[in-house]
Amino acid sequence: MRIELKHLQKKYKGGKTAVKDISLTLASPSLVGLVGPNGAGKSTLMKLLTGNLLPGSGEILVDGQPLLKNEKQFKSSLGYLPQEFGLFEDLTTEEFLDYMAALKCIERRTAKSEIDRVITVTHLEDKRKAKIRTLSGGQKQRVGIAQALLGEPKLLILDEPTAGLDPAERVSFRNLFAEAARNRLIILSTHIIEDVQSACDMLIVLDRGEIRFTGTPDELMKMKNVSSLENAYMALMEGRDSE
């Protein structure tokens, strides 16, 4: 899958520009890390990429075709975890995933095996029959990741997927995302620099709606002459007002 962003811009009512003239090409297989401070425009960009928000100007091409003209086909190959997602609290984990499989038009004969698979990879085996309202915040986050993985989508867009997870869980899911990116495109938005340092092939730093850096984590560390991605990111952010 190949996604091209051409002069993408989005303004909200009141005149605030959330995304400013972004041009970018993303292609599979790859794990793309999207980082930036709060209010940088990350969630807006994610919503534009999923077709849930219309750009003010510019366009998004998916494999050479306008996203908005092939939205149904595009969404059939998309797994999406928004930063804030709703769960049906009175359903069990299994029932919710069965519902999501139906929404994704996964055939009944394969839905059960898919649900079994995503429950296993997200370590929810002991919560399969539990009502979602009884789950902890971290467990609910894992349910959200599980529904995004249903159907082996060609494109995964994950907005803060490790929020609410403990450090060991974050490592486990970083490994899962890295493995999944071997044959698909994954775009992972996060404020946790550790989530992208060892796993991502490409790093995008977004600030005030504009791209501050695009390249590999190693390239950013080399550019700032530091040994950790977090220090390189901080140095990039500290220098933004003096440029």
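Residues numbered from 1 in each chain as written. Predicted model: local features only at pLDDT ≥ 70, side-chain atom pairs only at ≥ 80, totals over all residues. Heavy atoms only, no water.

Undergrad: Tell me about the packing of aromatic side chains, residues and numbers included.
TA: In this description, an aromatic ring pair is defined by two values, namely the gap between the centres and the angle between the planes. Counting across every chain of the model gives 3 aromatic pairs. Centroid distance phenylalanine 88 to phenylalanine 96: 6.3 Å. Interplanar angle 55°. Geometry classified as tilted. With a relative accessible area of 3%, phenylalanine 96 lands in the buried category. Relative to phenylalanine 177, the ring of phenylalanine 173 has its centre 6.2 Å away and its plane inclined at 35°; by these criteria the two rings are tilted. Here the residue phenylalanine 173 and the residue phenylalanine 177 both occupy positions in helix α6 (residues 167-180), the gap between them amounting to 4 residues, near one helical turn. (Phe/Tyr/Trp six-rings, centres within 6.5 Å; stacked < 30°, edge-to-face > 60°. Buried < 20%, exposed > 50% of the residue type's maximum accessible area, 1.4 Å probe, protein only. Helix = DSSP H or I, 4+ residues; strand = E, 2+ residues; numbered from the N terminus.)

Undergrad: Now, about the packing of helix α5 (residues 137-149) against α6: what can you tell me, with residues and values included?
TA: At a minimum axis distance of 13 Å, the contact between α5 and α6 shows a crossing angle of 5°. By the angle between their axes, α5 is roughly parallel relative to α6. Residues Arg142, Ile145 and Leu149 of α5 form the contact with α6, whose own contacting residues are Glu169, Phe173, Leu176 and Phe177. Looking at the contact of α5 with α6, its residues break down into 5 nonpolar, no polar and 2 charged. (Axes fitted to C-alpha atoms, helices over the stretch in contact; angles between N-to-C directions. Parallel < 35°, antiparallel > 145°, perpendicular 65-115°, else oblique. Contact = heavy atoms within 4.5 Å. Nonpolar A, V, L, I, M, F, W, Y, C, P; charged D, E, K, R; others polar.)

Undergrad: Account for the pattern of salt bridges, naming residues and giving values.
TA: Within this structure, the stated rule accounts for 17 salt bridges. Through salt bridges with shared partners, one network takes in Glu94, Lys112, Asp116, Arg128 and Lys129. (Salt bridge = Lys/Arg side-chain N within 4 Å of Asp/Glu carboxyl O.)

Undergrad: With reference to specific residues and values, describe the sheet that holds strand β5 (residues 65-66).
TA: Sheet architecture is open: 4 strands sit in the order β2-β1-β4-β5, paired in antiparallel fashion. The open sheet has two edge strands, β2 (17-27) and β5, and neither has a second partner. Bridge count between strand β4 (residues 57-62) and β5: 2 bridges; the pairing is antiparallel. Within β5, the position partnered with valine 62 by the bridge is glutamine 65. Docked against the sheet, helix α1 (residues 42-49) engages β1 (2-11), β2 and β4, running at close to 125° with respect to β1. (Pairing = 2+ DSSP bridges.)

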